[in-house]
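Survey of secondary and tertiary structure
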Amino acid sequence: MAAQCATESLDNPLWQFAQRFYQVNSVEQRLLELQDEGVDVLLVLAALWLASDWRAWPEDEPFQQALTGYVGWRDSVIRPLRNIRITLPREQDSNRFAGSFRQRVKDLELEAEQFGLAGLFSLLDDVADDCPEDESLADCVMENLAWVPGLPRIDPHDESPEPLIDALEVYLELV
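Below you will find a few notes about this structure. (Residues numbered from 1 in each chain as written. Predicted model: local features only at pLDDT ≥ 70, side-chain atom pairs only at ≥ 80, totals over all residues. Heavy atoms only, no water.)

Some remarks on the layout of surface pockets
- Of the voids in this model, the largest pocket is the one considered here, and its volume is about 670 Å³.
- Forming the walls of the largest pocket are 25 residues, and the residues nearest its centre are Tyr22, Leu32, Lys106, Leu110 and Glu113.
- Elements supplying a minimum of two residues to the lining of the largest pocket: α2 (13-22), α3 (27-36), α4 (41-52), α5 (61-87) and α6 (96-124).
- Residue contributions to the lining of the largest pocket peak at nine residues, all from α6.
- The residue makeup of the lining of the largest pocket, split by class, is eleven nonpolar, five polar and nine charged. (1 Å grid on protein atoms, 1.4 Å probe; cavity = no way out; pocket = protein on both sides within 12 Å on 5 of 7 lines; lining within 4 Å. Points joined across faces, edges and corners; volume = space filled by probe spheres on them. Helix = DSSP H or I, 4+ residues; strand = E, 2+ residues; numbered from the N terminus. Nonpolar A, V, L, I, M, F, W, Y, C, P; charged D, E, K, R; others polar.)

Topic: a negative patch on the surface
- A surface patch of negative charge is lined by Glu59, Asp60, Glu61, Asp129, Asp130, Glu133, Asp134 and Glu143.
- With respect to the helices, strands and loops of the structure, Glu143 is situated in helix α7 (residues 137-145).
- The class of Glu143 is partly exposed, set by a relative accessible area of 44%. (Patch = residues over 30% accessible without salt bridge, like charges linked within 9 Å, V, L, I, M, F, W, Y side chains within 5 Å. Areas by Shrake-Rupley, 256 points an atom, 1.4 Å probe, with all protein chains shown as cover. Salt bridge = Lys/Arg side-chain N within 4 Å of Asp/Glu carboxyl O. Lys, Arg positive; Asp, Glu negative; His and termini not counted. Charge placed at Lys NZ, Arg CZ, Asp CG, Glu CD. Buried < 20%, exposed > 50% of the residue type's maximum accessible area, 1.4 Å probe, protein only.)

As for the nonpolar core
- If you look at the biggest cluster of nonpolar residues, it comprises 53 residues, and the most contacted ones within it are Phe17, Phe21, Val44, Leu48, Trp57, Leu120 and Leu168.
- Where this core is concerned, the elements lending two or more residues are α2, α3, α4, α5, α6, α7 and α8 (163-174).
- For this core, the element with the most residues is α4, which contributes eleven residues.
- When sequence neighbours within four positions are dropped, the list of residues in contact with Phe21 reads Val27, Leu45, Leu48, Leu164, Ala167, Leu168 and Tyr171. (Core = buried A, V, L, I, M, F, W, Y, C linked by side-chain atoms within 4.5 Å. Contact = heavy atoms within 4.5 Å.)

Notes on a nonpolar patch on the surface
- On the surface, a nonpolar cluster with roughly 300 Å² of combined accessible area is contributed by Val170, Leu174 and Val175.
- Its place among the elements puts Val170 in helix α8.

Regarding the packing of α3 against α4
- Their axes nearest at 9 Å, the elements α3 and α4 cross at an angle of 135°. Taken as axis vectors, α3 and α4 run oblique relative to one another. Residues Leu31, Leu34 and Gln35 of α3 touch α4, and the partners they reach there are Val41, Val44 and Leu45.
- Taken together, the residues of the contact of α3 with α4 break down into five nonpolar, one polar and no charged. (Axes fitted to C-alpha atoms, helices over the stretch in contact; angles between N-to-C directions. Parallel < 35°, antiparallel > 145°, perpendicular 65-115°, else oblique.)

Focus on the pattern of salt bridges
- Counted under the stated rule, the structure contains nine salt bridges.
- Residue Asp40 pairs with Arg74 through a salt bridge whose shortest N-O separation is 2.9 Å. Residue Asp40 is located in the loop between α3 and α4, and its partner Arg74 is located in helix α5; the two are separated by 34 residues in the primary sequence.
- Here the residues in one salt-bridge network are Asp40, Arg74, Asp75 and Arg79, joined through shared partners.

Some words on empty space enclosed by the protein
- Under the counting rule described, the total for this entry stands at one cavity of 30 Å³ or more.
- If you add up the space inside the largest cavity, you get close to 60 Å³.
- Forming the boundary of the largest cavity are Val39, Asp40, Val41, Leu42, Tyr70, Arg74, Ile78, Arg79 and Arg82.
- Those elements that place two or more of their residues in the lining of the largest cavity are α4 and α5.

Considering the packing of aromatic side chains
- This model, assessed by the stated rule, comprises six aromatic pairs.
- A ring pair is formed by Phe17 and Phe21, whose centres lie 5.1 Å apart and whose planes are at 10°; its orientation type is stacked. Residue Phe17 and its partner Phe21 are located together in helix α2, separated by four residues, close to a single helical turn.
- Given a relative accessible area of 1%, Phe17 falls into the buried group.
- Aromatic side chains Trp73 and Phe115 sit 6.0 Å apart centroid to centroid with 55° between the ring planes, which places their arrangement in the tilted category. In this pair, Trp73 is assigned in helix α5 and Phe115 in helix α6, connecting sequence segments 42 residues apart.
- Ring pairs connect the aromatic residues Phe17, Phe21 and Tyr171, which therefore count as one cluster. (Phe/Tyr/Trp six-rings, centres within 6.5 Å; stacked < 30°, edge-to-face > 60°.)

As structure tokens, this is what we get:
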């Protein structure tokens, strides 16, 4: 995965989407909640990015097998960095040196996530299908999110829909 990511542009449409979408009201909080629950937020972002372009998560077996490279990167690089960061004290909790080190680990974690998104982009960009024309944005999002392991199933027609669906609608109005 690392070698594949190194040959791809780190500044790709999925990365750009993730940076802009993360700034939409309530997105950061919701993604951090999901991450704390063990959900892979990079897969969530990839699923939402596809839906924002009215594209569907690939369902074929070769694509699912290709994801193993990304999963290996996530499990061997991203999650260990996150675990280290989480165990380090914040600057206000300890001293400025520990806080400075924690920030460097956080920066490495973000860079590792950027490599992960570059790998996902290279896997998804050419193989994603279009969502059906008669499908709503919420349904396209829900079908894409259904492929994210560990994500609780969400009913888009519920009275209190998933905040990420609302945020994606806001995002699409802004771009």
